Amino acid sequence: MIDILLPAIWETLYMSLVSTFIAVVIGFFTAIILIMTQKDGLTPNIKLYRVLDVVINTLRSFPFIILMIVLFPVTKMIVGKSIGTTAAIVPLTIGAAPFIARLIESALKEVDAGVIEAAKSFGAGNFQIVFKIMFIEALPGIISAITLTLITVIGFSAMAGAVGGGGLGDVAIKFGYYRFQTDIMLYTVLILIVLVQFFQSLGDYLYKITKK
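None of these values were measured; they are calculated from a predicted model.

Describe the pattern of salt bridges, naming the residues involved and giving the relevant values.
Within this structure, the stated rule accounts for 4 salt bridges. Between E105 and R102 there is a salt bridge, with the nearest N and O atoms lying 2.8 Å from each other. Within this pair, E105 and its partner R102 are both found in helix α5 (residues 85-109), separated by 3 residues, close to a single helical turn. The same class applies to E105 as to R102, namely buried. Among the ionic pairs, K109 bridges to E105, the shortest N-O distance being 3.4 Å. You can see K109 and its partner E105 sitting in helix α5, 4 residues apart, about one turn around the helix. Judged by relative accessible area, K109 falls into the partly exposed class, the value being 44%. Overlapping salt bridges bring together D53, R102, E105 and K109 as one network.

Outline helix α6 (residues 113-121), listing residues and values.
Capping of α6 at its N-terminal end is provided by D112; its side-chain oxygen lies 3.0 Å from the backbone amide nitrogen of G114. In the segment just after α6, G123 is the residue with positive phi, at about 85 degrees.

Lay out the packing of aromatic side chains in plain terms, naming residues and giving numbers.
How two aromatic rings sit relative to each other is given by the distance of their centres and the angle of their planes. Scanning the model with the defined rule gives 7 aromatic pairs in all. When the ring of F28 is compared with that of F135, the centres are 5.6 Å apart and the planes differ by 80 degrees; the resulting orientation is edge-to-face. Taken as a pair, F28 in helix α1 (residues 2-37) and F135 in helix α7 (residues 126-160) lie far apart in primary sequence, 107 residues in all. On the basis of relative accessibility, which here comes to 12%, the residue F28 falls in the buried class. One aromatic cluster is present, formed by F28, F29, F127, F131 and F135 through successive ring pairs.

How would you sum up the layout of surface pockets? Please name residues and give values.
In this structure, the largest pocket occupies an estimated 250 Å³ of space. What lines the largest pocket is a set of 13 residues, and nearest its centre among them are Q38, D40, G41, A113 and I116. Elements that contribute at least two residues to the lining of the largest pocket include exactly α5 and α6. Take the lining of the largest pocket: its biggest share by element is 4 residues, from α6. Within the lining of the largest pocket, the residues separate by chemical class into 7 nonpolar, 2 polar and 4 charged.

Quick one: what's the story with the side chain of E105, residue by residue and with numbers?
For E105, a relative accessible area of 3% corresponds to the buried category. Separated by 2.8 Å, the side chains of E105 and R102 make a polar contact. If we ignore the near neighbours within four places in the chain, the residues touching E105 are A31, L34, I35 and Y49.

I'd like to hear about the nonpolar core, residue by residue, with values.
Taken as a class, soluble globular proteins show a tendency for nonpolar side chains to be buried jointly. Judged by nonpolar contacts, the single largest core of 32 residues is most densely connected at L92, I104, L108 and M134. Where this core is concerned, the elements lending two or more residues are α1, α3 (64-70), α5, α6 and α7. With 10 residues, the top contributor of residues to this core is α7. Residues in contact with M134, not counting those within four places in the same chain, are I35, L108, V111, I116 and I129. Counting residues in hydrophobic clusters, the runner-up holds 11 residues, among them L5, A8, F175 and L195.

Before we move on, can you summarise α7 with the specific residues and values?
With 35 residues, α7 should reach 51 Å at 1.5 Å per residue; the first-to-last C-alpha distance of 40 Å falls well below that figure. By the largest-angle criterion, L139 marks the main kink of α7, which is about 60 degrees, and a proline, P140, follows within four residues.

So what about the packing of α1 against helix α8 (residues 167-177)? Which residues, and what values?
What describes two packed helices is the angle between their axes and the distance between those same axes. Axis separation between α1 and α8 bottoms out at 6 Å; the angle between their running directions is 140 degrees. Put simply, α1 runs oblique to α8. Residues I4, L5, A8, I9, E11, T12 and M15 of α1 form the contact with α8, whose participating residues are G167, L168, V171 and F175.

Quick notes on the rules
- Residue numbers here run from 1 along each chain, matching the order of that chain's written sequence.
- The predicted origin of the model limits local features to residues at a pLDDT of at least 70 and limits the giving and counting of side-chain atom pairs to 80 or more, whereas totals for whole chains, interfaces and linings rest on all residues.
- Side-chain numbers here rest on the full set of heavy atoms in the structure, without hydrogens or water.
- Salt bridges are counted wherever a side-chain nitrogen of Lys or Arg sits within 4 Å of a carboxyl oxygen of Asp or Glu.
- Put simply, DSSP marks the helices as runs of H or I at least four residues long and the strands as runs of E at least two long, and each gets a number from the N terminus on.
- Exposure categories follow from relative accessible area, calculated using a 1.4 Å probe and restricted to protein chains: below 20% of the type maximum is buried, above 50% is exposed, and the middle band is partly exposed.
- For this analysis, a polar contact is any N or O atom pair within 3.5 Å, provided that within protein one partner can donate a hydrogen and the other can accept it, and provided that sequence-adjacent residues contribute only side-chain to side-chain pairs.
- A pair of Phe, Tyr and Trp rings is counted when the ring centres sit within 6.5 Å of each other, with Trp represented by its six-membered ring. The angle between the planes then sorts it: under 30 degrees is stacked, over 60 is edge-to-face, the rest tilted.
- A 1.4 Å probe that fits into a set of points on a 1 Å grid over the protein atoms alone but cannot get out defines a cavity; an open set with protein on both sides within 12 Å along at least five of seven lines defines a pocket, and lining residues are those with an atom within 4 Å of a point.
- Grid points are joined across faces, edges and corners, and a volume is the space filled by probe spheres set on the points.
- We call Asp, Glu, Lys and Arg charged. Ala, Val, Leu, Ile, Met, Phe, Trp, Tyr, Cys and Pro are nonpolar, and the rest, Gly among them, are polar.
- Here, residues are in contact when the closest pair of their heavy atoms is within 4.5 Å.
- Side-chain atoms within 4.5 Å link the members of a nonpolar core, which is a set of buried Ala, Val, Leu, Ile, Met, Phe, Trp, Tyr and Cys residues.
- Take the residue count of a helix, subtract one, and multiply by 1.5 Å to get its expected span.
- What the bend at a residue measures is the angle between two axes, fitted to the seven residues ending there and to the seven starting there.
- Comment: axis = line fitted to C-alpha atoms, over the contacting stretch for helices; angle = value between 0 and 180 degrees taken between N-to-C directions.
- Any angle between 65 and 115 degrees counts as roughly perpendicular, while under 35 counts as roughly parallel, over 145 as roughly antiparallel, and the rest as oblique.

Okay, here's the thing in structure tokens:
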């Protein structure tokens, strides 16, 4: 059982952490563009904002299992195959990026407009306002957004097992469902709960540190 579960845990962590990292990078810069180009942003550009808004809403409307199947050709083009642990990172990233972009955008919107206006009056440029003021002020909210995204991706990675993505979801389906080994099914559920609790606790700890 250990020989089955340990590789699955590693595959789940590998898929979840790598795809979350890439999604956060994409989502962060997307959120910055959204914040800057919105109607009352630093550099308003309504057309660009609406295009990004539609793209994000479209990607978020796809159930993950359908998105993964739809992206099979794209995944194969990027990593050379459409199934497997590494292949699952592509749809996981594309599924998580618009989600984290919205969350980070919301966190940045919470920054007090008075602080931004004060920075402008002191001659701060857009780069300084975004990265030295808005980012610092919104950091606790951004950490919460990353934590929520990682936990969501862990759930997505379990679904990826249904279509050959590997990880704990794959073990639960192959052994727990098809072979009626309820003990393995139970262990996979417990491990997923422990992983979620661990990352949530870590995220809460980092949130408290940055909130001070």
